[in-house]
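Architecture at a glance
Here's the letter readout for the chains.
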Amino acid sequence: MIWKKPWFQFSILLLLAFVWGSSFILMKIGLKSFTNEQVAGIRMLLASLVLLPYSIKNLKYLKKKDVKSLLIAGFIGSFIPAFLFTKAQTQIDSALAGMLNSMTPVFTLLVGILFHRTKFLLLQALGLILGLLGAVGLITSGSGLEIGHVNSYALLIVLATFFYAININEVKARLAHLTGMQITSLAFFFTGPVALIYLLTTDFAPALENPSWPVHLLALAGLGIIGTALAMVLMNSLIRYSSAVYASSVTYIIPIFAIMWGILDGENITPLHLTCMLFILLGVYLTNKKNKLKKI
């Protein structure tokens, strides 16, 4: 089967890195007209709508024992992080958000160790420490990159990566008997109605006053349909056929594209950013050593 081929898995990693690395700039574009809550809600609603035909088709595979894990996949793995990311990007650059997102593999290993009995060696422990140091460096840098100021908005990104880690481990441990499409469509079957109800409580009048709102909505359509629905199908399929930590390692390629888009958009990337990023990447590399890590 092609999903078991290492070259194919790596190709999917690169594709996901490009899609998700571009999602930060799409969120930034959407925020030009819509509130951060509306951006997240629109993203989740559009993803749910495009997956709805598959959700209905796959309802026959919905088992009572899987509901808890599917709720975790839907809300912990996508819904809540979507709101955390858009809230954070009201105050931090998309490139910085992409850098912090690379903490996901570190947290994936940590959650695996604490809750899924993943075995680890000293090398992985060192990787965890280095990754956390890099994240702390970025978090304690204010908008002016002055060390000592805790950026609470950056903490929202870190929390989102922790939620991603919980989801990845849960999917690997509890939902491996379902396909990536079944997992994603059934998970978004639960989140779609919640997103719709929430959006109906918001005021779109201010957004529609911006003459460029159709362009900004188009960016959110790409974010929801490609950056969420399609990407999560690929991600859940990858988790099924590889280790949880390997699948999560997509997030240390994401910053390459996030930084690229950030530079093109005129964002300020400093040596401090890049130094902290190197700490995170080194940490991820050590925690992701395949020959040392037991698959989970």
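Residues numbered from 1 in each chain as written. Predicted model: local features only at pLDDT ≥ 70, side-chain atom pairs only at ≥ 80, totals over all residues. Heavy atoms only, no water.

1. Topic: the confidence of the model for the chain
The pLDDT averaged across the chain works out to 86; a share of 91% of its residues lies at or above 70. Here helix α6 (residues 122-139) is the element of the chain with the lowest mean pLDDT, 75, and helix α2 (residues 36-57) is the one with the highest, 98. Under a pLDDT of 50 for its full length, residues 142-149 has, in the predicted model, 14 contacts with residues more than four places off or in other chains. (pLDDT = per-residue confidence, 0-100. Helix = DSSP H or I, 4+ residues; strand = E, 2+ residues; numbered from the N terminus. Contact = heavy atoms within 4.5 Å.)

2. A look at a nonpolar patch on the surface
A surface patch of nonpolar side chains, about 410 Å² in accessible area, is lined by Leu-49, Leu-52, Ile-56, Leu-59 and Phe-189. Per element, the largest residue contribution to the nonpolar patch is 3 residues, and it comes from α2. Turning to its location among the elements, Leu-49 is positioned in helix α2. Note on Leu-49: relative accessible area 47%, which makes it partly exposed. (Patch = residues over 30% accessible without salt bridge, like charges linked within 9 Å, V, L, I, M, F, W, Y side chains within 5 Å. Areas by Shrake-Rupley, 256 points an atom, 1.4 Å probe, with all protein chains shown as cover. Salt bridge = Lys/Arg side-chain N within 4 Å of Asp/Glu carboxyl O. Buried < 20%, exposed > 50% of the residue type's maximum accessible area, 1.4 Å probe, protein only.)

3. Let's talk about the side chain of Asn-236
You can see Asn-236 is positioned in helix α10 (residues 213-241). The class for Asn-236 is buried, based on a relative accessible area of 3%. Those residues in contact with Asn-236, other than ones at most four positions away along the chain, are Val-171, Gly-180, Ile-183 and Thr-184.

4. A look at the nonpolar core
Membership of the largest hydrophobic core comes to 76 residues, with the highest contact counts inside it found for Leu-16, Trp-20, Met-235, Leu-238 and Val-250. A total of 10 residues in this core trace back to one element, the largest contributor, which is α10. Among residues more than four places away in sequence, those in contact with Val-250 are Leu-13, Leu-16, Ala-17, Trp-20 and Met-235. (Core = buried A, V, L, I, M, F, W, Y, C linked by side-chain atoms within 4.5 Å.)

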